[in-house]
There are 2 protein chains.
Amino acid sequence: MPPKKGKEPIAEVYDSVTDGLKALYRTKIRPVEEQFKFGEFYSPIMNDGDFDAKPMVLLVGQYSVGKTSFIRYLLGRDFPGQHIGPEPTTDRFIAVMHGTDDKTTPGNALAVSPNMPFRGLEMFGNGFLSKFQGAQLDVPLLHHVTLIDTPGILAGEKQRIGRSYDFTQVCEWFASRCDIVLLLFDAHKLDISDEFQRAIEALKGHDDKIRVVLNKADQVDAQKLVRIYGALMWSLGKVIKTPECVRVYIGSFWDEPLKCNEWSRQLLQKEMADLLNDLKNVPKNAAIRKVNELVKRVRLCKAHVYVIGHLKKEMPSMFGKDKAQTKLLSNLEEHFLKVHRTHGLPVGDFPDVARFRGVMDGHDLAKFPKLDQKMMDNMETVLTKDIPKLMSMFPQEGSANSSSGAVS
Amino acid sequence: MPPKKGKEPIAEVYDSVTDGLKALYRTKIRPVEEQFKFGEFYSPIMNDGDFDAKPMVLLVGQYSVGKTSFIRYLLGRDFPGQHIGPEPTTDRFIAVMHGTDDKTTPGNALAVSPNMPFRGLEMFGNGFLSKFQGAQLDVPLLHHVTLIDTPGILAGEKQRIGRSYDFTQVCEWFASRCDIVLLLFDAHKLDISDEFQRAIEALKGHDDKIRVVLNKADQVDAQKLVRIYGALMWSLGKVIKTPECVRVYIGSFWDEPLKCNEWSRQLLQKEMADLLNDLKNVPKNAAIRKVNELVKRVRLCKAHVYVIGHLKKEMPSMFGKDKAQTKLLSNLEEHFLKVHRTHGLPVGDFPDVARFRGVMDGHDLAKFPKLDQKMMDNMETVLTKDIPKLMSMFPQEGSANSSSGAVS
Ligand SMILES: Nc1ncnc2c1ncn2[C@@H]1O[C@H](COP(=O)(O)OP(=O)(O)OP(=O)(O)O)[C@@H](O)[C@H]1O
Ligand SMILES: Nc1ncnc2c1ncn2[C@@H]1O[C@H](COP(=O)(O)OP(=O)(O)OP(=O)(O)O)[C@@H](O)[C@H]1O
Ligand SMILES: [Mg+2]
Ligand SMILES: [Mg+2]
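Some details on the overall build of chain A
Reasoning step 1: Looking only at helices and strands, chain A features 17 helices and eight strands.
Reasoning step 2: With the C-alpha coordinates aligned to their principal axes, the bounding extent of chain A is approximately 85 × 45 × 40 Å.
Reasoning step 3: Counting over 408 residues, chain A shows a buried share of 52%.
Reasoning step 4: Summarising the internal contacts of chain A: among those between residues at least 6 apart in sequence, 80% fall at separations of at least 24.
Reasoning step 5: Of the roughly 18600 Å² of accessible surface on chain A, 53% is carried by carbon and sulfur atoms.

Describing the nonpolar core
Reasoning step 1: Ranked by internal contacts, the top residues of the largest apolar core, which has 170 residues, are Phe118(A), Phe174(A), Phe118(B) and Phe174(B).
Reasoning step 2: Residues within four places of Phe174(A) in sequence aside, it is in contact with Leu58(A), Phe93(A), Phe118(A), Leu121(A), Phe128(A), Phe132(A) and Ile148(A).
Reasoning step 3: If you look at the next biggest cluster of nonpolar residues, it comprises 49 residues, including Leu24(B), Met315(B), Phe350(B) and Val382(B).

Comments concerning the interface of chain B and chain A
Reasoning step 1: Residue-level contacts link 30 residues of chain B with 30 residues of chain A.
Reasoning step 2: Surface buried jointly by chain B and chain A totals about 2400 Å² across both partners, of which 61% is contributed by carbon and sulfur atoms.
Reasoning step 3: Among the ionic pairs, Arg227(B) bridges to Glu271(A), the shortest N-O distance being 2.7 Å.
Reasoning step 4: Counting the contacts that link chain B with chain A gives 22 residue pairs in polar contact (both at pLDDT 80 or more).
Reasoning step 5: Put simply, the parts of the chain that give the side of chain B that touches chain A at least two residues each are helix H11 (222–239), strand S8 (247–250) and helix H12 (262–314) of chain B.
Reasoning step 6: When grouped by side-chain class, the residues that make up the side of chain B that touches chain A number 15 nonpolar, six polar and nine charged.

Things to note about the coordination of the magnesium ion (ligand 3)
Tetrahedral coordination by four donors sets the ideal angle at the metal to 109.5 degrees; octahedral coordination by six donors sets it to 90 or 180 degrees.
Reasoning step 1: Taken together, the protein donors to the magnesium ion (ligand 3) comprise Thr68(A) (OG1) and Thr90(A) (OG1), at separations of 2.0 Å. A residue pair is termed long-range when its members are at least 10 positions apart, and Thr68(A) in helix H4 (residues 67–75) and Thr90(A) in the loop between H4 and strand S2 (93–98) qualify at 22 residues.

Focus: the pattern of salt bridges
Reasoning step 1: For the coordinates displayed, the defined rule picks out 42 salt bridges over all chains.
Reasoning step 2: A salt bridge links Lys22(B) to Asp19(B); the shortest N-O distance between them is 3.4 Å. Taken together, the residues Lys22(B) and Asp19(B), both in helix H1 (residues 9–35) and three residues apart, mark about one turn of the helix.
Reasoning step 3: As a salt-bridge pair, Arg247(B) and Asp274(B) come within 2.6 Å of each other at their nearest N and O atoms. Of this pair, Arg247(B) sits in strand S8 while Asp274(B) sits in helix H12, and the two are 27 residues apart along the sequence.
Reasoning step 4: Of the residues examined, Asp274(B) reaches a relative accessible area of 27% and is grouped as partly exposed.
Reasoning step 5: The network of salt bridges with common partners includes Arg227(A), Arg247(B), Glu271(B) and Asp274(B).

Cut-offs and rules
Residues numbered from 1 in each chain as written. Chains lettered and ligands numbered in written order. Predicted model: local features only at pLDDT ≥ 70, side-chain atom pairs only at ≥ 80, totals over all residues. Heavy atoms only, no water. Helix = DSSP H or I, 4+ residues; strand = E, 2+ residues; numbered from the N terminus. Buried < 20%, exposed > 50% of the residue type's maximum accessible area, 1.4 Å probe, protein only. Contact = heavy atoms within 4.5 Å. Areas by Shrake-Rupley, 256 points an atom, 1.4 Å probe, with all protein chains shown as cover. Core = buried A, V, L, I, M, F, W, Y, C linked by side-chain atoms within 4.5 Å. Buried area = accessible area lost by both parts, 1.4 Å probe. Salt bridge = Lys/Arg side-chain N within 4 Å of Asp/Glu carboxyl O. Polar contact = N/O pair within 3.5 Å; in protein donor to acceptor, adjacent residues only side chain to side chain. Nonpolar A, V, L, I, M, F, W, Y, C, P; charged D, E, K, R; others polar. Donors = N, O, S within 2.8 Å, 3.2 Å for Na, K, Ca; no water.

Okay, here's the thing in structure tokens:
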């Protein structure tokens, strides 16, 4: 697995899509959002950093299950600050990211970097930031994803005494920003400590991101392996409340060759290939998600502007504006309905009546700009032309898999 | 798998143990129980039928998972009234039992047979009894166990409309009397219908009896099989509340040879051997359970008699008996403590104070016989000599497995 130099074509596609979205938003959407105070009614105005954030994969598990070795396996080489060993070794969260040279960055510095997605971590204070670190290196995979290595979870007291921050809360923070959460288990000692269980429970709401790895599964006799796998599913099914079961990949993810009989080898190889393939699709899925989120945002913005435009038109031009606005706001449902009928906008694109009324109460309708049909047409073009054009850049289903190793 | 004629040595051992227990109880325990009204304070006086009941194995599952074929596989031949086929076929509960000749017996007749353990089924009325049947045949396995075939569980409405009795309640009745409940699943179509889920939930309290069979598991590609097995464990873990996971046997239990690759074959063969071995141990475990239950009963009886004896001694011989009994009963804790100290009886052997007081209120202490030390010594001998002698008849650990096919 020799590391490859330079950027791969597939990475460039996703980067171009992101750049395209960024440009569309900056030139055609953001000005409208600013004029019509979309940020106050919905979610804050976005900036480039919000588009740039790489998809992230978080690795969580008891100590020594092979989290760090797993990352090393994906990278095909050591990363700066890496510690692998039989005792609890990794003692901090490490964000493994792309960089042209090998280097590590302390957590405090990462958390204040404007172009990094780690600003929010400041809230965990120095107790956490001193146990957080960035590792940069030049491996193609990292063009697509950032990998988060974590300290192994210990059982019970040892855990709590040793840590100067709330492990579960930090996990939750990362999980909500990640695309995939990989839970690792060791086939030789399958224990789900209370602490680990709490960490899994903290992932509630991100169930769809969870994937499980049953690691070190070679060298376990087949019948025993099946038993262990079953016990794992049994326990996970009790902790994760979804009816659909989580995907478990059975394998041995490090750089030693598989040590097992032929049947197990075949199974493990298929499973490991499946996992690598799923990880390969993370950037694509993340890009698609970004596109979807922008489409949703533009549609909300459209409805928002039409609503404001309509309300302005209903206002008397000279006197009694205050009273008129109050009256308008008390009949909001009716006005929404009119806008819905006039412009054929889906009901789902309209804001929550109470919330809209609340925010609008603090504003003067008169101060909003008039509805400018050209601006609206521009937004429409984003939805009907610009974004579909970006979408067409995605490799077709199937060809993505055949492209040279997104995961090296 | 040719059926064997005659009774096997191992069956005779268990039968002798049962006969021994029966005789001990009848001659040395039951007379004491009767004199001291043990049946009213604890559980009813037992008769021979209570000892004779064969261990039972109940088979439950969606239709067509192979329940009837499984029984046929264990027996090595067809049984009277057997129906095997791709459509819902078995339309009734069938108790497959030993008999010298092939014959079937209608449910109504079974439920009134004094020497059969099915009397309680009368409470489900004719709606059920017309869908209940006995099948007798001469197969050695049936010396040890009675197998209960059941109609397949259908999904939703079809089920409820077709049935003239409450399937879940009947299952619960059998489960509480069985030694093993086998839940069968078909590896090709793993569905747990609501009805089946209700049936599993009705087994609460009998979790330790549940074993699961993932049937028809040959001819399924290994990776897919692992996936299916995982999904099964996931779902079962949600329905069965115990933290320890249930044992699932992966196999294909009918008389066709396994159709699968070498690795799967090895796994399935081990699994199937495990299941047969566990079934082999059912009679042994059932006999041990009977012994344990009798020991427990004798100890309770001993404490009961000592308590009554003590209370009688405390009674004034002539006047004021009523008042004295009331006073004694209000101080029961104290008197229990005295008996506990005097005779060194474990606290756990004493009855519940409130319950004892309640039953005693309806009796006159004076009418109970005096404590007869010879009778007590007799009971002691049962515990210290007679039962250990019976226990020594059990084949030693290990040799049980090597004995010729308890399961043919
Ligand atoms: N697939 C594997 N098969 C067998 N041994 C492995 C495998 N992966 C890692 N190991 C070994 O397991 C030990 C722990 O590995 P590693 O340090 O990667 O685990 P970790 O989960 O990162 O531990 P910690 O939580 O302490 O950071 C090391 O000795 C490593 O060589
Ligand atoms: N191990 C097996 N592998 C493949 N097919 C099987 C296996 N066991 C049974 N079958 C087939 O599956 C079908 C259903 O079998 P069977 O009648 O024994 O199931 P059942 O669970 O008793 O069904 P029902 O609930 O309708 O009574 C039959 O066609 C039978 O030949
Ligand atoms: Mg580590
Ligand atoms: Mg059947």
